[in-house]
Each structure stands twice: as C-alpha cells, then as structure tokens.
Amino acid sequence: MSYDKVDVPADGSRIEVDDNDEFVVPDDPVIPIIYGDGIGVDVGPAAQKVLQAAANATGREINWMRVYAGESAREKYDENLPEDTLEAMREYKVSIKGPLTTPVGAGFRSLNVALRKKLDLYTNVRPTYHLDGVPSPVKAPEQMDMVTFRENTEDVYAGIEWEAGTDEVEKVREFIEEEMGYDATIHDGPVGIGIKPITEFGTKRLVRNAIDYALERDRDSVTLVHKGNIMKFTEGAFRDWGYEVAEEEYGEEVITEDTLWNERDGEPPENAVVVNDRIADNMLQQILTRTDQYDVLAMPNLNGDYLSDACGAQIGGLGIAPGANLGDGRMLAEPVHGSAPKYAGQDKVNPSALILSGRIMLEQMGWLDAADLVRDAVEATISAGEVTYDIHRQIDGGEKLACSEYAERVAERIHEMAE
C-alpha cells in the first residue's frame, strides 16, 4: 500500500489477525499514531516516548507511523480525515491517537465518532482504576476498578434526528401521530425528533466482548446497564439480548444472577463469570455506594457515556482516564479528555491519559509485561510527587514537571523496573 503524504517506516512488520480476529503481533510492529489537535502536539510525543521505553525494556521495538487527522490533516491534505489515515489504520490493525477537535462546518458531527464508524470500532472500552497519589473527590478511590464496555455505533451515536422547524421533522411527526397513533404525545409547537436504534446484532457483539474480557482477565461479573423499565423495546431488548448471549453461548463459564440465586444458593461455579443487570439511574448511585461490587459494565451508547465519565470522576477526573475502541481485528487507543487548545504547545499538560491508553493497546497486543511496566511506572512517578501542574496544584509539596519531563521520568522508571 502506498500513501500520498505519509512516510511508512523503513523497518518494522505488520500486525496480522488470525481466524479468530486475534492479533498476531511481531516484536517490531508498525503502529500508526495521530498526535491530535491542541495539546496533542505535547501528549503525543510524550506517550510515544513512554510506550517505546516499555517495548524496549521487554526486548521489542515499536516503529511509529505518523498519520494525520483534524488540524494537522487540514494543513497537509486540506481535509479533516484523509483516506491515507484510514487506510493505514486498516492495514496496520492497531493504532493510537490523541484528542481531536471537530471544527465548525467540518462535515462531521465528530471526528472521533467518524473514525469509529468508518473503521467499525463498535466497542468503546474504558478501564477505570485509581493510581496512588492522584487526588480524588471520594474517600476510598482505590475501590474503583471497573471496565466499561460502551456500544459505539447505535443509540444516540446513530445520529438519526431532525431539527425543529424543518420539513423533515414535520413528516416524521405526522407519521408518528397519524400513522402510529401517538396523537396526544408530542406537545404543540416546534419539536426536534431523534431515533435511537438498538439492534440484536450490535448488542450481542458488544456483550460478547465484555464477557470474553471478563473471562480472560479473571473478572467476577458483567453487569448489563439499561433503562429497560421505561424503554422496553430498545434498552429492555439490550438487556434481554445480553442475557441470551450469556445463557446460550458460554456454557458453564458464565452464569446469570437469577440462576445463581434460584438454583445454586448464591455460590457460582469456580471461575465462572456472573452476568447481572441494573437500571441505569440506580447504577449511577451504586458506583458510589457499592463501588467494589462491580467489575465489567456493558451498556448502550448514552448510558456508557454517563457511567464511564462518572467512574472517571472517582479516580481523579478525565484528565488521566484512558480509553480504546475495538472492532473485529482492529483497535484504536485514545484518551478520554479533549484537546484543550489554550494549552497547546506549552509543554505543560498531563500526558498520563494517552500513556495509559497506550497501556490498553499493549495489553490488546499481548504485551502484558510491557503494559504492567507502563502502569507501575506511571503510578510510581505520581506517588513520588513528580507530577504535572494539574496534580501539583492539588497536593502538598512535590515537584512540578513539564509534560516532556514527566514522560522522561516515567520512561526512566520503566527501565529501572525492568532491570
């Protein structure tokens, strides 16, 4: 594959995918990276340094392939999401990106959403865990250790809606009221209307990912989070289809909560994953009041947006929260935070979220030793009080570091820990 304006590394091998959509990773993979907009110019190189250190410390090499989206792509290609970038991410399977900003009038609702849809990255994964030394608004942040699986292509991300005052919305309204019989439901006057599709196909592939993750990582439970008590045929269906996956596809490896209490006196088989469900608003309460009782959460798009952000708040905020998007034989790691353009190029911000997103990438590649080094080194650096300004202003003492200095300290610790 040739690219018009992208330099393919001279060295390095491609990551392949086997018949089970599992990555087959060489010791010298080519990995595309998008630095991103705003602070991406700072956090992108910082994360690169740390992830390279983890690879080198475990006898491997990452050959970085710089690709472009957002502002950098407009400068190079005069468009926001060039085909070069998409083709590189398809070809090399595993990628990582910094934050992107969708400019007004860009033709996309969101560049981040556009990437997920064009690459069919249907699962958004956010591991949420507390790092020692990070200030938190809760008393026991160490109890938070959840992984949220959020559906990435349906629900509100389908983007099916009509603006108040348009001919299109009046057609939809007329159909709803006259053809479907909801003639006394919508208030008089201007109205915006949206549709939230939730399919069996989209639900089941997400829930499979969540259950597979729980089995692979020795997690105890998967919780289906929904608003099925009100939206019975969309979110209620999500719940029912999720249980069908658990009951029909996993045998004794997975047991549902109802079966657990009705037939086994509350004792699951050894190493079995328990699948249960919770109403979304109740779940928002339980992540605060019963934090340590939950492991993996699987949910439609909008619920996942709320719940994952609420989880992130408990471990110190979205500024350090990692994330990734998974598809069949493809992944894109990315942080949760935005591009913060007013800090761009100041070498000031905290790159931990992108670094820890890279940790998810290393895990998915099967480089678990390198992934552990990344987490341990980030935590050791922060707990030593060697931090960027956002954390330094919240703690007593400590050493305030620039973004690049912080990355250098983390990389040094990785090599020390590996010796």
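First things first, this report covers the structure right here in the doc. (Residues numbered from 1 in each chain as written. Predicted model: local features only at pLDDT ≥ 70, side-chain atom pairs only at ≥ 80, totals over all residues. Heavy atoms only, no water.)

### Here we look at the pattern of salt bridges
Using the criterion set out here, one finds 29 salt bridges in the structure. As a salt-bridge pair, Arg90 and Glu83 come within 3.0 Å of each other at their nearest N and O atoms. Here Glu87 makes a salt bridge to Arg90, at a shortest N to O gap of 2.7 Å. Of this pair, Glu87 and Arg90 both sit in helix α3 (residues 83-92), three residues apart, which is roughly one turn of that helix. Under the relative-accessibility criterion, Arg90 is labelled partly exposed at 23%. In the salt-bridge network here, residues are joined through shared partners; they are Arg217, Arg359, Glu363 and Asp372. (Salt bridge = Lys/Arg side-chain N within 4 Å of Asp/Glu carboxyl O. Helix = DSSP H or I, 4+ residues; strand = E, 2+ residues; numbered from the N terminus. Buried < 20%, exposed > 50% of the residue type's maximum accessible area, 1.4 Å probe, protein only.)

### Concerning the sheet that holds strand β13 (residues 296-299)
Ordered in space as β4-β3-β5-β15-β14-β6-β7-β13-β10-β12-β11, the eleven strands form an open sheet in which the pairing is mixed. Unpaired on one side and paired on the other, β4 (63-66) and β11 (254-256) mark the two borders of the sheet. Averaged over all pairs of adjacent strands, the angle between their axes in this sheet comes to 25°, without regard to strand direction. Strand direction decides the pairing type here: strand β14 (residues 324-327) and strand β15 (residues 330-333), joined by four bridges, are antiparallel. By the bridge assignment, Gly327 is partnered in β15 with Arg330. Each of β6 (123-129), β7 (145-151), β10 (221-226), β11, β12 (273-279) and β13 is contacted by helix α6 (residues 200-216), which is oriented at about 160° to β7, the strand it contacts most. (Pairing = 2+ DSSP bridges. Axes fitted to C-alpha atoms, helices over the stretch in contact; angles between N-to-C directions. Contact = heavy atoms within 4.5 Å.)

### Points about unusual backbone geometry
Of note in this structure, Asp21 is not a glycine but carries a positive phi near 60°. In this fold, Asp21 is placed in the loop between β1 (16-17) and β2 (23-24). Asp21 gets classed as partly exposed once you look at its relative accessible area, which sits at 38%. In the Ramachandran plot, Asp155 falls in the positive-phi region, its phi being about 55° despite a non-glycine side chain. Owing to a relative accessible area of 1%, Asp155 belongs among the buried residues under this scheme.

### Structural notes on the pairing of β6
The side chains of a regular strand alternate between the sheet's two faces. Counting buried residues in β6 gives seven out of seven residues, a clear majority hidden from the surface. Residues of β6 alternate between two faces, with Thr123, Val125, Pro127 and Tyr129 on one and Asn124, Arg126 and Thr128 on the opposite face, all of them buried. By the bridge criterion, seven bridges tie β6 to β7 in an arrangement that is antiparallel. Across the sheet, Arg126 pairs through a bridge with Thr148, a residue of β7. Here β6 pairs with β14 via three bridges, running antiparallel. Across the sheet, the residue bridging to Asn124 is Asn325, located in β14.

### Observations concerning the pairing of β7
Extensive coverage of β7 is indicated by the burial of six of its seven residues. Where β7 meets β13, four bridges bridge the pair, whose relative direction is parallel. Across the sheet, the residue bridging to Arg150 is Met299, located in β13.

All we've got here are geometric facts, nothing functional implied.
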